[in-house]
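# Per-entry structural report
Below, each chain spelled out in residue letters.
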Amino acid sequence: DGQIASLRSKLDICVNGEDVPDPIMCFSSSGLPEKLVLNLESAGYVMPTPVQMQVIPASICNRSLLVSADTGSGKTASFLVPIIAHCSQLRSQKCTDKRGPLAIILAPTRELCLQVEEQAKVLGKGLPFKTALVVGGDPLAQQIYRIENGIELIVGTPGRLIDLLMKHNVDLSNVNVFVLDEVDCLLERGFRDQAMQIFQALSHPQVMMFSATVNSEVEKLSNSLAKNVIHISCGNPNK
Ligand code: ADP
Ligand code: MG
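Residues numbered from 1 in each chain as written. Chains lettered and ligands numbered in written order. Predicted model: local features only at pLDDT ≥ 70, side-chain atom pairs only at ≥ 80, totals over all residues. Heavy atoms only, no water.

## Some details on the site of ligand 1
In the vicinity of ligand 1 lie 14 residues, with Tyr45, Met47, Gln52, Gly72 and Thr76 positioned nearest. At 3.2 Å, a backbone N or O of Ser73 approaches an oxygen atom of ligand 1. Measuring from an oxygen atom of ligand 1, one finds a backbone N or O atom of Gly74 at 3.2 Å. Protein contacts shield 66% of the accessible area of ligand 1, which totals 570 Å² for the unbound molecule. (Near = heavy atom within 4 Å. Polar contact = N/O pair within 3.5 Å; in protein donor to acceptor, adjacent residues only side chain to side chain. Areas by Shrake-Rupley, 256 points an atom, 1.4 Å probe, with all protein chains shown as cover.)

What follows is the structure in structure tokens.
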């Protein structure tokens, strides 16, 4: 309605898609686990950033998203918060017995994966939420061992993750969230086919794609990964 539209325009949030959930104004009172809200506060996240205001509720509604927002606008927490909420909810309900991955995040570089995993650990502290980092430079056997011991989230580069999946059988049947961070960069680095290959091993996950810019290649990938995608762009007057 008009009020929501003017709120979005004030926050510089543009949305495109069917039945887009309303933005949230705070982390508490959004149905997130109490411990997660406390972790956000401890990390100094008092208020959600605009991209978080719109992405978190849309993600909680299991919608697939293509999000563009400037560097530094808080995209990482916008996908980590709903993932942590989702995982800890499933685990505390004991919906699944074995702790196999429930979500996969792909990012183009080792460094970026390290940063994302670090933030995931900070925000997921004290919750039934464990992470595995799957990147080059660390022994593959160690990464496999960690996954075998029970985790909720895999953060990795596409090449290394495929390498691991070829050498070791990981049950991906409970992965229902698939995130591509810095999609534009993933495509520039030639990771398209590998990302598709990982996607095809999953069973109809929610797909969330994040990019500083959205070009036709990004749109094409988005169309081949998900239907009924919500497009969200924040603080980007060119969109
Ligand atoms: P992006 O991925 O959009 O480039 P990041 O997710 O890396 O941006 O976030 C940029 C910085 O802002 C990080 O240092 C992060 O800890 C911080 N940050 C993210 N969300 C919030 C928030 N709601 N409140 C305060 N700081 C935040
Ligand atoms: Mg980022």
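## Description of the nonpolar core
One finds Leu36, Leu80, Ile83, Ile105 and Leu153 to be the most contacted residues of the largest nonpolar core, which totals 46 residues. Among the elements that line this core, the one with the most residues is helix α4 (residues 75-92), at 9 residues. If we skip the residues at most four places from it in the chain, Ile83 touches Ala103, Ile105, Phe129, Leu153, Val177, Val179 and Met208. Ala132, Val170, Leu172 and Val175 belong to the second largest nonpolar core, which has 34 residues in total. (Core = buried A, V, L, I, M, F, W, Y, C linked by side-chain atoms within 4.5 Å. Buried < 20%, exposed > 50% of the residue type's maximum accessible area, 1.4 Å probe, protein only. Helix = DSSP H or I, 4+ residues; strand = E, 2+ residues; numbered from the N terminus. Contact = heavy atoms within 4.5 Å.)

## Here's the deal with unusual backbone geometry
The phi torsion at Asp19 lies on the positive side, around 45°, for a residue other than glycine. Assignment of secondary structure puts Asp19 in the loop between β1 (13-16) and α2 (34-42). For Asp19, a relative accessible area of 69% puts it in the exposed group. Notably, Asn62 is not glycine yet its phi reads approximately 65°, a positive angle. Note on placement: Asn62 falls in the loop between α3 (50-60) and β2 (65-69). Classification of Asn62 by relative accessible area gives exposed; the value is 53%.

The quantities given are spatial measurements derived from coordinates; they are silent on function.
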